[in-house]
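Observations on chain architecture
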Amino acid sequence: MRENFYILLKEHFINLESKLNQLDAVIGDGDHGSTLLKGLSAIPNSELPPDKAFKAETGGASGSLFSILIGAIDKGIENSSNFGEFLTNASNRISMIGEAKEGDKTMLDALIPAAKASLNDPKNSLEEAPIAAREGAKKTVTMPAKKGRAKYVENAGIGHMDPGAFSTSEIISFVCNYIRIENEKTL
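Because the structure is predicted, anything quoted here is derived from the model rather than measured. (Residues numbered from 1 in each chain as written. Predicted model: local features only at pLDDT ≥ 70, side-chain atom pairs only at ≥ 80, totals over all residues. Heavy atoms only, no water.)

Okay, the overall build of the chain next. Check the secondary structure of the chain and you find eight helices and zero strands. Reading the secondary structure of the chain in the N-to-C direction produces α-α-α-α-α-α-α-α. For 187 residues, the compact-globule estimate of 2.2 N^0.38 gives 16 Å, and the chain sits close to it at 15 Å. Projected onto its principal axes, the C-alpha positions of the chain cover 50 × 35 × 30 Å. With the model as given, the accessible surface of the chain reaches about 9100 Å², and the carbon-plus-sulfur share is 50%. Charge centroids of the chain, computed over 21 positive and 25 negative side chains, lie 4 Å from each other. (Helix = DSSP H or I, 4+ residues; strand = E, 2+ residues; numbered from the N terminus. Rg over C-alpha atoms; globule rule 2.2 N^0.38 Å. Areas by Shrake-Rupley, 256 points an atom, 1.4 Å probe, with all protein chains shown as cover. Lys, Arg positive; Asp, Glu negative; His and termini not counted. Charge placed at Lys NZ, Arg CZ, Asp CG, Glu CD.)

As structure tokens, this is what we get:
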């Protein structure tokens with residue numbers, strides 16, 4: 001199940017690469033989509049666990065932080081009943097390493113609401129987490145950036161969606177949909 005998931009996720013991000021790079025060009029260095037795609041492309045061809053393959057290929061701060069999210073979703077694929085717990089652990093680690101919190105205009109603005117939604121309603125977490133992640137990403141448009149390169153651009157990026165929050169919401173939506181489809185096949 002996992003191998004097929006990463007191939008499909010990579011294909012999804014091939015379609016998002018340009019959009020993510022455009023979002024990142026406004027408030028970052030313009031390579032967020034390319035970086036994610038590079039990491040996701042490495043996973044199916046690696047002997048390493050998915051999070052380590054992603055991190056080894058991407059490097060840098062965002063590669064390290066997104067590898068934590070990859071590790072959480074990998075666990076969620078294998079055990080979807082604890083999905084909220086995995087997302088919560090990932091958000092705590094990312095927050096600690098990145099010294100960021102919800103409201104700082106980062107990937108955490110999508111990840112933390114998804115984790116909370118999953119924990120608040122474990123039975124419906126695969127439906128609620130993507131909704132919460134997308135809403136969290138949308139909220140970044142009105143936020144001033146407090147971390148990363150975006151805090152140095154005009155108006156701290158207000159008026160622009162954070163590319164990390166958007167890509168996080170896409171990853172969470174994709175994995176939740178994938179798990180639901182796979183679960184339906186086993187019924």
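With the rule as written, the count across this model stands at four salt bridges. Salt-bridge contacts for Asp29 lead to Arg149; the nearest nitrogen and oxygen are separated by 3.3 Å. Note that Asp29 is positioned in the loop between helix 1 (2-27) and helix 2 (32-42) and Arg149 in the loop between helix 7 (125-139) and helix 8 (163-186), a separation of 120 residues in sequence. For Asp29, a relative accessible area of 41% translates into the label partly exposed. Classification of Arg149 by relative accessible area gives exposed; the value is 52%. Asp104 is paired through a salt bridge with Lys101; the nearest N and O atoms lie 3.3 Å apart. (Salt bridge = Lys/Arg side-chain N within 4 Å of Asp/Glu carboxyl O. Buried < 20%, exposed > 50% of the residue type's maximum accessible area, 1.4 Å probe, protein only.)

Turning our attention to the packing of aromatic side chains. Applying the stated rule across the entire model yields three aromatic pairs. Between Phe5 and Tyr6 the ring centres are 4.9 Å apart and the planes differ by 75 degrees, which places this aromatic pair in the edge-to-face class. Each member of the pair, Phe5 as well as Tyr6, carries the same accessibility label: buried. Joined through ring pairs, the aromatic side chains of Phe5, Tyr6, Phe174 and Tyr178 make up one cluster. (Phe/Tyr/Trp six-rings, centres within 6.5 Å; stacked < 30°, edge-to-face > 60°.)

A surface patch of positive charge is lined by Lys52, Lys55, Lys75 and Arg93. Residue placement: Arg93 occurs in helix 5 (residues 83-98). (Patch = residues over 30% accessible without salt bridge, like charges linked within 9 Å, V, L, I, M, F, W, Y side chains within 5 Å.)

At their nearest, the axes of helix 5 and helix 6 (residues 108-120) sit 8 Å apart, and the two run at 150 degrees to each other. Relative to helix 6, helix 5 is oriented so that their crossing is left-handed. In this structure, helix 5 uses Phe83, Gly84, Glu85, Leu87, Thr88, Ala90, Ser91, Ile94 and Ser95 to contact helix 6, whose residues at the interface are Leu108, Leu111, Ile112, Ala114, Ala115, Ser118 and Leu119. Here the contact of helix 5 with helix 6 is composed, by residue class, of ten nonpolar, five polar and one charged. (Axes fitted to C-alpha atoms, helices over the stretch in contact; angles between N-to-C directions. Left-handed = near helix turned anticlockwise from the far one by under 90°. Contact = heavy atoms within 4.5 Å. Nonpolar A, V, L, I, M, F, W, Y, C, P; charged D, E, K, R; others polar.)

Before going further, it helps to spend a moment on the layout of surface pockets. Put simply, the largest pocket is a space of about 710 Å³. Forming the boundary of the largest pocket are 27 residues, of which Ala61, Ser62, Leu65, Gly148 and Arg149 lie nearest the centre. Counting residues per element, the ones that place at least two in the lining of the largest pocket are helix 1, helix 2, helix 4 (60-78), helix 5 and helix 8. A class-by-class count of the residues in the lining of the largest pocket yields nine nonpolar, eleven polar and seven charged. What the second largest pocket holds in volume is close to 310 Å³. If you go around the second largest pocket, you meet 17 residues; those closest to its centre are Asp51, Ser67, Ile68, Gly71 and Arg93. Of all the elements in the fold, those that place two or more residues in the lining of the second largest pocket are helix 3 (50-58), helix 4 and helix 5. By residue number, the principal contributor to the lining of the second largest pocket is helix 4, which donates seven residues. (1 Å grid on protein atoms, 1.4 Å probe; cavity = no way out; pocket = protein on both sides within 12 Å on 5 of 7 lines; lining within 4 Å. Points joined across faces, edges and corners; volume = space filled by probe spheres on them.)

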